[in-house]
Amino acid sequence: MGALLFLSLLTPAGPPPESPRLVVQEATRAVERGTVPATRHRWQARLAHDSLDAAAWLGLASLSRLAYDYSGADTLYARIAALPPARARGYQTFGVLGLAQARFTTGRYAEAGAGFDQARRLAEATNDSTATAFVLIAQGWLRLRSGNPALAGAVLDTAAALAHREDFQLRAAVACGRAAVHVRISRSQAMAEGRTGADLARRAGDHRLEANCLNGVANSLVQSGQLAAAARALVDVADRLRRLHERAGLASALQWSGFVAVSRDRFDEAQRFLGQAILEAEASGNRSALAWSLLDLGRVSLVFGDPASARLQTDRALAEMRGIGDEWGITNALGADGQIADLAGDTAQAHVVFSEQAARAAATGDAALEVDMTNQLASLAIRQRSWADAERYLDQARAASVRAGRPPDFVAQSYERGVLALRRGQLHQARALLSAALEAPDSSSQITHYLAGLHLAETALAQGDTGQAEDLLDRAADGLDAWRAGLSDSSLRVFAFQVLDEFGGPDLGTASIVAAVAARGRVQQALRLVERRRARELRDQLLRATAAGTTAAGTTAAGATANGATANGATPPSGKHPATAPAASFTGADFQARLPGQGTAVLEYATGRGPQPTTLFVITRTEVRAFALPPLDSLLPSIERFIAAIQGETPDSALSDRLGAILLGPAVRVLSPTVTRLVLVPDDALHRVPFPALRVQGRYAVERFALSQAPSAAVAADLWGRSPHAGPRRVLAFGDPAFPKDDPGLPPATRAHFAAFAQRGGLPQLPASAAEARSAASLFPGSEIRLGREASAFALRRARLSEFSILHLATHALVDEAALGRSAIVLAAGGGDDGFLGAGDLAQLRLDADLVVLSGCGTALGVIVGGEGIRGLTAPLLQAGARSVVGTLWPIADRSAADFVASFYGALGTGATTMDALRSAQLERLRNGVAPRGWAGFLVVGNGFLAPGGRQAGPVSAR
């Protein structure tokens, strides 16, 4: 909604046939009815007869503005200003007003304000009270957008005093403006004003104005918490505006639809609406709708605990809002800044931001924003154990909720006060409040229901009722599974298990419940609870692929659309997600039966943050045992120092012994000497631990065990069950690519890749990687090798990958550990391909490979997603059909990597399994005195039990 709604004006009874108001109205109807060419031709014909025809110039200028051809409109409005005063009288007012409206729509508020002022002076000079009223309405919208709702209301009151009783359109425009003011300051009169405006617009026959007044009604439903009704109303508004070809207003309606969908936890809908809103906003120049859509996309990223994406989206939104001077938007964007700071652990900055924005919201009467900001302050206070402050903030939020007209269930604050009671140790009160929150009928709060269930389970555990805690945790997971199955966007499904508890913080006690259930002797049940939350999206993809009898090629990787764009961006998929794979359940007994031999054990870790304990599950063919380990937070400093010491080539044996004793010691003490292979399922920061370099009983772990890793026990079992590559054993190897060069003319996404690599040393050539490729390709006859310009992304996409049992990629890699969708490997450019392959691109490959080797820097790293594990480059390749992936935990030197890979392939050539061959290469380095940096960072993810190698064979074809 905006001043643009009130420029397509019908006249009251008796206007002159060529009144400027009627001309603008005629242009509007031409756009709505699709008769623009004929109408334009008629006005152009008039100008051919009389070049000073002001009505024709105004009509053509209005057509251009309403079709969002702003440069053309500027030129045509300038022709009106240049007409002789005698011919331009009256038209000049509407010409200046139309030009100012174009500035308003495109967010050039200062210029729009100057134009409105000029139009008002012109209208008053000609004693045109009706034109003055319409200018005042436009000025009211500008005041509202600039953050002064009180002044906006006063300006609208002045306009209302100028409206004739029979001028339904003018009265409708005033009522719609007042509705927007009431929405802005959370007044209940908004709905009545909006409906009055819609009724008057209908009587006037102004369909655009009617639709946008109904948008005001929908917005008032949003502010009062009637979200389902608001969603229906907004769909109707969008349909009306779409039929009327009013794209700027449509962008705003779609943005509100996206906001409502976010508030109802319908994130697929949200991304679809917001993506459409951005397209309409860009087409119509509606920078306000663009900025708010980006801000709402940032909210989605925050809900799913993706601060990096939220930062990018919020920063862009804030820049747009500052550029147009949208003070209301700036306030909301800064509030999101506080959430991002909180998510990053900067609680002091978060407190400053939340306090400033809460005060600002209170001062401007924005009760809805005040509720959000004071709830955030209450959350901070609870986590800082400042109980009195938390209660004070909750009281303030409740008062603001009443002012905003929120429904009783919202005002009751059952969830918020239940969390406070839990943290204060008031367990009976917490249980009653959280039970009320869990039983609330409001279907729009699915995440709150899930979080309430988790906190209720935590309460039961604190009361000593471990069985009830287990049952409640299971039920909460059932609800989340049902919600997650309805998400069509794979990136959202990936993040589903780390949805951000904006009020209660990240510590939900799940790891504590798992530990307590295991301590009761219910080890299998505890393991099942862990597996319910682990690598679910990857496993679902693998199961669907198996059920279809194909690989998972064609599906998109988490965080990327099919073309590699981030899935939280502006072009989300619109389809529905197929049902979650029915075989997603897990039982420890079935898993034990599928273990590859008596000499294998699986070590699965379940941890949390804060004081929560870590549980280690040790699984063999004959038993499942659980061990309580220290909280992860207590181990993080040692882990970070250990990794830093290894990468600095000064390994710390004391740290290695300490961490080895903690993380592996309990398992080693109970495992039979016949167990020589370990499958590790890490959790959280343990994904970054180089387990081969941990020392146990005076020896490196790699000296006793061959090690592999898996995203979950269930995924490991699924990969073990996949048949090996059935065709002839062949290798496709890429090495020493001719890396592409940056160029200002390249697309922004490609230049962003170059910039990211530049921050980490650029793209120097890797001559030793050619030797790697040759080592790999020497394994089997008929293998293929691509070097230099032939080692291109285009060649990889074009190759018949399903014919190769091993794919080797020796090249530069960039793995972003902060955000999905920004990790990539780079090959040569060519064939229309820029050379960069992101997670989405890798997931699109059609593989049937026993092994993919990603010989680059940090290729086994990625974003650590709660429950899902590491999401970087390895998971998409498993998803695409690889049975195992060898990657690295840190940067590797070109020559050193080539030597290591040659040893690895030499062992594969003897018929060794992938994990045994990797261990052989690691032990060879260890015997030669190489520090752990040169061997401990290589790991195999997936099924390391396959033996894809063979004897060195015939010639290699080079292409």
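Given the structure is predicted, the values throughout are model-derived calculations rather than measurements.

Criteria and cut-off values
- What you see as residue numbers is a count from 1 along each chain, following the sequence as written.
- Local features in this predicted model are restricted to residues whose pLDDT is 70 or higher, and side-chain atom pairs enter the listing and the counts only when it is 80 or higher, whereas totals over whole chains, interfaces and linings include all residues.
- Just so you know, side-chain values use all the structure's heavy atoms and leave hydrogens and water out.
- Runs of H or I in DSSP of at least four residues are treated as helices and runs of E of at least two as strands, each being numbered from the N terminus.
- Each residue is placed in one exposure class: buried if its accessible area under a 1.4 Å probe, protein chains only, is under 20% of its type's maximum, exposed if it is over 50%, and partly exposed if it falls in between.
- The criterion used for residue contact is that any of the two residues' heavy atoms lie within 4.5 Å.
- Accessible surface is estimated by sampling points in the Shrake-Rupley manner with a 1.4 Å probe; for residues, cover comes only from the protein chains shown.
- As used in this structure description, the phrase polar contact means that two N or O atoms lie within 3.5 Å; if the pair is within protein, one of them must be able to donate a hydrogen and the other to accept it, and residues adjacent in sequence are counted only when both atoms belong to side chains.
- Take the residue count of a helix, subtract one, and multiply by 1.5 Å to get its expected span.
- For the purposes of this analysis, a disulfide is any pair of cysteine sulfur atoms at a distance within 2.5 Å.
- Only the stretch in contact is used when a helix axis is fitted, and all axes are lines through C-alpha atoms; the angle between N-to-C directions ranges over 0 to 180 degrees.
- An angle below 35 degrees is treated as roughly parallel, one above 145 as roughly antiparallel, one from 65 to 115 as roughly perpendicular, and anything else as oblique.
- Helix crossings fall into two classes, left-handed where the near helix is turned counterclockwise from the far one by less than a right angle and right-handed where it is turned clockwise.
- Think of it this way: DSSP has to see at least two bridges between two strands before they count as a pair.
- The pLDDT value tells you how sure the predictor is about a given residue, anywhere from 0 up to 100.
- Within 6.5 Å between ring centres, the rings of Phe, Tyr and Trp (the latter by its six-membered ring) count as paired, and their orientation is classed by plane angle as stacked under 30 degrees, edge-to-face over 60, tilted in between.
- One side-chain nitrogen of Lys or Arg within 4 Å of one carboxyl oxygen of Asp or Glu is enough to make a salt bridge.
- Classification used: nonpolar for Ala, Val, Leu, Ile, Met, Phe, Trp, Tyr, Cys and Pro, charged for Asp, Glu, Lys and Arg, polar for all others including Gly.
- In these notes, a set of buried Ala, Val, Leu, Ile, Met, Phe, Trp, Tyr and Cys residues joined through side-chain atoms within 4.5 Å is what counts as a nonpolar core.

Draft legend 1. The overall build of the protein, seen in detail. Each helix and strand in the protein was counted, giving 43 helices and 19 strands. Of all 959 residues assigned to the protein, the portion counted as buried reaches 62%. For the protein, the proportion of contacts with a sequence separation of at least 24, taken over those separated by at least 6, is 72%. When the accessible surface of the protein is totalled, it reaches about 33,900 Å², and 53% of it is carbon and sulfur.

Draft legend 2. Local environment of the environment of glutamate 370. Note that glutamate 370 resides in helix 20 (residues 367-383). Residues glutamate 370 and alanine 397, spaced 27 residues apart in sequence, show a C-alpha to C-alpha distance of 6.8 Å. A polar contact of 3.3 Å, which involves the side chain of glutamate 370, links it to the side chain of glutamine 396.

Draft legend 3. Structural view of unusual backbone geometry. A positive phi is found at tyrosine 68, a non-glycine position, where the angle reads about 65 degrees. Mapping tyrosine 68 onto the fold places it in the loop between helix 3 (54-66) and helix 4 (70-81). Take tyrosine 68: its relative accessible area is 15%, and that puts it in the buried class. Not every positive phi belongs to a glycine, and glutamine 697 is a case in point at roughly 55 degrees. A residue is classified by how much of its surface remains accessible, and glutamine 697, at 65% relative accessible area, is exposed.

Draft legend 4. Region of interest: helix 10 (residues 168-184). Between its terminal C-alpha atoms helix 10 stretches 24 Å, which fits the 24 Å expected from 17 residues at 1.5 Å a residue. Taken across its 17 residues, helix 10 has 15 buried, putting it largely inside the fold. At the C-terminal side of helix 10, serine 186 shows a positive phi close to 60 degrees.

Draft legend 5. Highlighting the state of the cysteines. Following the criterion strictly, the structure yields 1 disulfide and no others. Two residues, cysteine 176 and cysteine 213, share a disulfide whose sulfurs are 1.5 Å apart. Taking the torsion about the sulfur-sulfur bond, which here is approximately 90 degrees, the covalent link between cysteine 176 and cysteine 213 counts as right-handed. Of this pair, cysteine 176 sits in helix 10 while cysteine 213 sits in helix 12 (residues 207-223), and the two are 37 residues apart along the sequence. In terms of burial, cysteine 176 and cysteine 213 fall into one category: buried.

Draft legend 6. Layout of the environment of tyrosine 393. Looking at the secondary structure, you find tyrosine 393 in helix 21 (residues 387-403). A relative accessible area of 10% places tyrosine 393 in the buried class. Considered as a pair, tyrosine 393 and alanine 378 are 15 residues apart in the sequence and their alpha carbons are 5.3 Å apart. Every residue in contact with tyrosine 393, bar those within four places of it in the chain, is listed here: His351, Thr374, Leu377, Ala378 and Ala381.

Draft legend 7. Broad picture of the side chain of asparagine 375. Considering the arrangement of structural elements, one finds asparagine 375 in helix 20. Asparagine 375 gets classed as buried once you look at its relative accessible area, which sits at 12%. If near-sequence neighbours (up to four positions away) are discounted, asparagine 375 is found in contact with Leu394, Ala397, Gln413, Glu416 and Phe503.

Draft legend 8. Looking closely at helix 24 (residues 427-439). For helix 24, built from 13 residues, the straight-helix expectation of 18 Å at 1.5 Å per residue is met to within 8% by its first-to-last C-alpha distance of 18 Å. Considered for burial, the residues of helix 24 that qualify are Leu427, Ala430, Leu433, Leu434, Ser435 and Ala437. Structurally, helix 24 contributes buried residues whose contacts are with helix 23 (414-423) and helix 25 (446-462).

Draft legend 9. Structural context of the packing of helix 19 (residues 347-364) against helix 20. Closest axis-to-axis distance for the helix 19/helix 20 pair is 8 Å, and the angle between their directions is 150 degrees. By the angle between their directions, the pair helix 19 and helix 20 is classed as roughly antiparallel. Helix 20 is crossed by helix 19, and the crossing has left-handed handedness. Here Thr347, Ala350, His351, Phe354, Ser355, Gln357, Ala358, Ala361 and Ala362 of helix 19 lie close against helix 20, whose contacting residues are Leu369, Glu370, Met373, Thr374, Gln376, Leu377 and Leu380.

Draft legend 10. Spotlight on the sheet that holds strand 13 (residues 836-838). The strand order across the open sheet built from 3 strands is 11-12-13, with neighbouring strands paired in antiparallel fashion. Single-partner strands in this sheet number two, and they are strand 11 (813-814) and strand 13. Direction of pairing for strand 12 (residues 824-826) relative to strand 13: antiparallel, over a ladder of 3 bridges. Paired with isoleucine 825 across the strands is leucine 837, a residue of strand 13. Across the sheet, helix 37 (residues 748-758) lies against strand 11, strand 12 and strand 13, angled at about 90 degrees from strand 13, the strand it touches most.

Draft legend 11. Quick look at the confidence of the model for the protein. In this model, the protein carries an average pLDDT of 85, and 89% of its residues clear a pLDDT of 70 or more. In the model, residues 1-17 has pLDDT below 50 throughout and makes 58 contacts with residues more than four positions away in sequence or in other chains. Overall, residues 550-583 carries pLDDT values under 50, and its contacts beyond four positions in sequence, including any with other chains, amount to 106 contacts.

Draft legend 12. Looking closely at the packing of aromatic side chains. Throughout the structure, instances matching the rule amount to 13 aromatic pairs. Taken together, a centroid distance of 5.4 Å and an interplanar angle of 85 degrees make the contact between tyrosine 700 and tryptophan 935 edge-to-face. Residue tyrosine 700 is found in strand 6 (residues 699-700), and its partner tryptophan 935 is found in the loop between helix 43 (914-927) and strand 18 (938-942); the two are separated by 235 residues along the sequence. Classification of tyrosine 700 by relative accessible area gives buried; the value is 15%.

Draft legend 13. Local environment of the pattern of salt bridges. For the structure on display, the rule yields 52 salt bridges. In this structure, arginine 103 engages glutamate 111 in a salt bridge whose closest nitrogen and oxygen atoms are separated by 3.1 Å. Since its relative accessible area comes to 12%, arginine 103 is described here as buried. In this structure glutamate 111 comes out as partly exposed when scored by relative accessible area, which is 40%. The closest approach of N and O atoms between glutamate 210 and arginine 202, which form a salt bridge, is 2.8 Å. Taking the relative accessible area as the measure of exposure, glutamate 210 reaches 6% and is therefore buried.

Draft legend 14. Structural detail: the side chain of threonine 93. Among the secondary structure elements, threonine 93 is positioned in helix 6 (residues 91-105). For threonine 93, a relative accessible area of 5% gives the class buried.

Draft legend 15. Examining the packing of helix 14 (residues 247-263) against helix 15 (residues 267-284) more closely. The geometry of helix 14 relative to helix 15 is characterised by a closest axis approach of 8 Å and an angle of 160 degrees between their N-to-C directions. Relative to helix 15, the element helix 14 is oriented roughly antiparallel. Crossing hand, helix 14 versus helix 15: left-handed. Facing helix 14, whose interface residues are Arg247, Ala248, Leu250, Ala251, Leu254, Gln255, Ser257, Gly258, Ala261 and Val262, helix 15 presents Phe267, Glu269, Ala270, Phe273, Leu274, Gln276, Ala277, Glu280, Ala281, Ala283 and Ser284. When its residues are assigned to classes, the contact of helix 14 with helix 15 shows 13 nonpolar, 5 polar and 3 charged.

Draft legend 16. Here's a closer look at the nonpolar core. With 226 residues, the main nonpolar core has Leu603, Leu663, Leu664 and Phe904 as its most contacted residues. If sequence neighbours within four positions are ignored, phenylalanine 904 has contacts with Leu851, Val853, Val886, Thr914, Ala917, Leu918 and Ala921. Residues Ala54, Leu58, Leu60 and Ile80 belong to the second largest nonpolar core, which totals 27 residues.

Draft legend 17. Local environment of the pairing of strand 18. For strand 18, the buried fraction is high: 5 of the 5 residues fall into the buried class. When strand 17 (residues 884-888) meets strand 18, the two strands line up antiparallel, connected through 5 bridges. Across the sheet, the residue bridging to serine 884 is glycine 942, located in strand 18.

Draft legend 18. Just the environment of alanine 150, in detail. Take alanine 150: it is sitting in helix 9 (residues 149-161). Given the relative accessible area of 61%, alanine 150 is considered exposed. When the C-alpha positions of alanine 150 and valine 181 are compared, they lie 8.0 Å apart, and in sequence the two are 31 residues distant.

Draft legend 19. Fine view of the pairing of strand 17. Most of strand 17 sits inside the fold, with 5 of its 5 residues counted as buried. Side chains Ser884, Val886 and Thr888 of strand 17 all project onto a buried face; the interleaved residues Val885 and Gly887 project onto the opposite face, where all are buried too. Bridging between strand 14 (residues 851-855) and strand 17 involves 2 bridges; their strand directions are parallel. Pairing of valine 853 across the sheet is with valine 886, part of strand 17.

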